[in-house]
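Take a look at the letters that make up each chain.
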Amino acid sequence: MDLQYYLEKGTKLFETYAPDVAYALVVLVIGLWVAGVIRNRVVKGLEKSSVDKTLQTFLGSFLGILLKLLVVLSVIRMVGINVISFVAVLSAATFAIGLALQGSLSNFAGGVMILMFKPFKVGDFIDAAGYMGTVNEIQIFNTILKTPDNKTVIIPNSVLSGNSLVNFSTEATRRVDMSFGIGYDDDIKAAKELLAKIIKEDDRILKEPEPAILVAELADSSVNFAVRVWCNSSDYWGIFFDMQEKVKLEFDKADINIPYPQQDVHIINK
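Residues numbered from 1 in each chain as written. Predicted model: local features only at pLDDT ≥ 70, side-chain atom pairs only at ≥ 80, totals over all residues. Heavy atoms only, no water.

### A few points about the overall build of the protein
A tally of helices and strands in the protein yields seven helices and eight strands. Across the 270 residues of the protein, 27% fall into the buried class. For the protein, restricting intrachain contacts to residue pairs at least 6 apart in sequence, the fraction spanning at least 24 positions comes to 63%. On the protein, roughly 18400 Å² of surface is accessible, and the fraction owed to carbon and sulfur atoms is 60%. (Helix = DSSP H or I, 4+ residues; strand = E, 2+ residues; numbered from the N terminus. Buried < 20%, exposed > 50% of the residue type's maximum accessible area, 1.4 Å probe, protein only. Contact = heavy atoms within 4.5 Å. Areas by Shrake-Rupley, 256 points an atom, 1.4 Å probe, with all protein chains shown as cover.)

### Observations concerning the pairing of strand β3 (residues 142-146)
As defined by bridge partners, strand β2 (residues 131-138) adjoins β3 across four bridges and the pair is classed as antiparallel. The partner of V135 across the bridge, within β3, is L145. Between β2 and the antiparallel strand that follows it, β3, lie three residues. Relative to strand β4 (residues 152-156), β3 runs antiparallel, the two sharing five bridges. Paired with N142 across the two strands is P156, which belongs to β4. Where β3 hands over to β4, the hairpin turn is made up of five residues, of which N150 adopts a positive phi near 70°. (Pairing = 2+ DSSP bridges.)

### Concerning the nonpolar core
Grouped together as the largest cluster of nonpolar side chains are 22 residues, with contacts concentrated most on L195, V227, V229, M243 and F251. Those elements that place two or more of their residues in this core are β6 (173-182), α6 (188-201), β8 (223-232) and α7 (236-253). When near neighbours in sequence (up to four residues on either side) are disregarded, V229 contacts R174, R175, V176, M178, I199, I205, P211 and I239. Membership of the second largest hydrophobic core comes to eleven residues, among which are V122, I126, L145 and I155. (Core = buried A, V, L, I, M, F, W, Y, C linked by side-chain atoms within 4.5 Å.)

### A look at the sheet that holds β4
Judged by pairing direction, the sheet is antiparallel, and its five strands sit side by side in the order β4-β3-β2-β1-β5 without closing on themselves. On the outer flanks of this sheet lie β4 and β5 (166-167), each paired with one strand and no other.

### Some thoughts on the packing of α6 against α7
Across the interface, α6 lies against α7 with an axial gap of 11 Å and an inter-helix angle of 135°. On the basis of their axis angle, the class for α6 and α7 is oblique. Seen along the crossing, α6 lies across α7 with a hand that is right-handed. On α7, the residues that touch A191, L194, L195, K197, I198 and I199 of α6 are M243, K246, V247, E250 and F251. (Axes fitted to C-alpha atoms, helices over the stretch in contact; angles between N-to-C directions. Parallel < 35°, antiparallel > 145°, perpendicular 65-115°, else oblique. Left-handed = near helix turned anticlockwise from the far one by under 90°.)

### Looking at a nonpolar patch on the surface
Taken together, the side chains of V26, I30, W33, V34, I38 and V42 define a hydrophobic patch exposed on the protein surface, amounting to about 530 Å² of accessible area. W33 gets classed as exposed once you look at its relative accessible area, which sits at 58%. (Patch = residues over 30% accessible without salt bridge, like charges linked within 9 Å, V, L, I, M, F, W, Y side chains within 5 Å. Salt bridge = Lys/Arg side-chain N within 4 Å of Asp/Glu carboxyl O.)

### Observations concerning the sheet that holds strand β7 (residues 212-218)
The antiparallel open sheet is built from three strands, whose spatial order is β6-β8-β7. Two strands close off the open sheet at either side, each with one partner strand: β6 and β7. Strand after strand, the sheet turns through a mean of 25° between neighbouring axes, direction not considered. Sheet topology places β7 next to β8; six bridges connect them, and they run antiparallel. The residue of β8 that forms the bridge with A212 is R228. α6 contacts β6, β7 and β8 of the sheet and is inclined by roughly 15° relative to β8.

### Some words on the packing of aromatic side chains
Tallied over the full model, the rule gives five aromatic pairs. Ring geometry for F125 against F168: centres 5.7 Å apart, planes inclined by 50°, an arrangement best described as tilted. Of the two residues, F125 is situated in strand β1 (residues 125-128) and F168 in the loop between β5 and β6; the sequence distance between them amounts to 43 residues. Here the aromatic rings of Y236 and W237 are separated by 5.0 Å at their centres, their planes lie at 85°, and the arrangement is edge-to-face. (Phe/Tyr/Trp six-rings, centres within 6.5 Å; stacked < 30°, edge-to-face > 60°.)

### Describing the pairing of β2
In terms of strand pairing, β1 meets β2 through four bridges, oriented antiparallel. Along β2, the bridge assignment pairs I126 with G133. What sits between the antiparallel neighbours β1 and β2 is a turn of two residues, in which A129 has the positive phi angle 55°.

### Focus on the environment of K246
The topology assignment puts K246 in helix α7. Classification of K246 by relative accessible area gives partly exposed; the value is 33%. Along the sequence, K246 and I198 sit 48 residues apart, while their C-alpha atoms lie 7.4 Å from each other. In this view, K246 contacts I198, D202 and R204; residues no more than four positions away in its chain are not counted.

Following this line, the structure appears as structure tokens:
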């Protein structure tokens, strides 16, 4: 008898709510699809506008979550659940979950801080949290970097907003600091003239500020020059690596020695 009662009760509930639930599921699927389409259209519109790219990715991520939440609330209302009561329960649950997920909230706050104060933007090359790479995307919780060897690094926004970082792309120009050593028996003036010639022949090196070639150190086995030149930020590594090769080749042609650590051993025969 009990089984028959529950079967009849279940059948009546199914007949009563099944159409609404089925309709709600269809609306949910279509609504999520429409939300995705709207988000993509808005993002494409932002890309064509003058809105900063950093803000584009953040707004796109935020809009996607907001639209999905609206769809879910609409579906809940369709199946007969009081939305106001649901929101109240959801708010209480959100508070409890928020205490457990303080890290996620701090990451969201960090993302807002990054957008407000703009320590970096999409496309900048930064050194932060032990990683160096180009900012590929700033999301509401995380920032995504692409390293020079094409690795993807995901860093929480709270880490970036609350710690020191180096932005290599803020300024249009950078100074390239290099050090070259010659032997004590070599001519310092000749070496400086040769370094000046190498610098002058490289069109990427800026004339202003003026390049500097300074005797920086009388080391144990070498006289070390500090060579400082200015260039556009995009030319930094090309100049740095090319100078190492050019200086070695030109010093070899001019018989200027680049010393390496040596030890003289004197044997005294008593």
